[in-house]
Amino acid sequence: MLKGIVTVSLKQDVLDPQGEAVLHSLQTLGFPEAHNVRIGKSIEVWLEENDSQKAETRLSEMCEALLVNAVIEDYRFEIVEA
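Only a predicted model underlies this, so the values are computations on that prediction, with no experimental measurement involved.

**Quick notes on the sheet that holds strand β3 (residues 73-81)**
Thought 1: Read from one edge of the open sheet, 3 strands run β2-β1-β3, paired in antiparallel fashion. Two strands in the sheet have a free side with no partner beyond their single neighbour: β2 (40-47) and β3. When the angles between neighbouring strand axes are averaged without regard to direction, this sheet yields 20°.
Thought 2: Relative to β2, strand β1 (residues 2-10) runs antiparallel, the two sharing 8 bridges. For I5, the partnering residue across the bridge sits in β2 and is E44.
Thought 3: Lying over the sheet, helix α2 (residues 52-67) contacts β1, β2 and β3, oriented at roughly 150° with respect to β3.

**Some thoughts on the side chain of K3**
Thought 1: Along the polypeptide, K3 turns up in strand β1.
Thought 2: A relative accessible area of 16% places K3 in the buried class.
Thought 3: Setting aside its immediate chain neighbours within four residues, K3 contacts E44, V45, W46, E78, I79, V80 and A82.

Reading the values: the criteria
Residues numbered from 1 in each chain as written. Predicted model: local features only at pLDDT ≥ 70, side-chain atom pairs only at ≥ 80, totals over all residues. Heavy atoms only, no water. Pairing = 2+ DSSP bridges. Helix = DSSP H or I, 4+ residues; strand = E, 2+ residues; numbered from the N terminus. Axes fitted to C-alpha atoms, helices over the stretch in contact; angles between N-to-C directions. Contact = heavy atoms within 4.5 Å. Buried < 20%, exposed > 50% of the residue type's maximum accessible area, 1.4 Å probe, protein only.

Encoded structure:
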């Protein structure tokens, strides 16, 4: 069994109001070195597959079909032993 870890983030040119709010809070709490905050998400998918190439292909298909909004989000993933 393999596990896919997908990291999703907003594209660079998409506004991130949640990231802006966190940045403001960090600076208010005394962290002036915080300069830019972008919020993303991590998705773990366990795959009943032993071939890492097949797992990569299927995980990519899952990302394109459902897990990622390609209009506003970028993603990367890795396959690891579960």
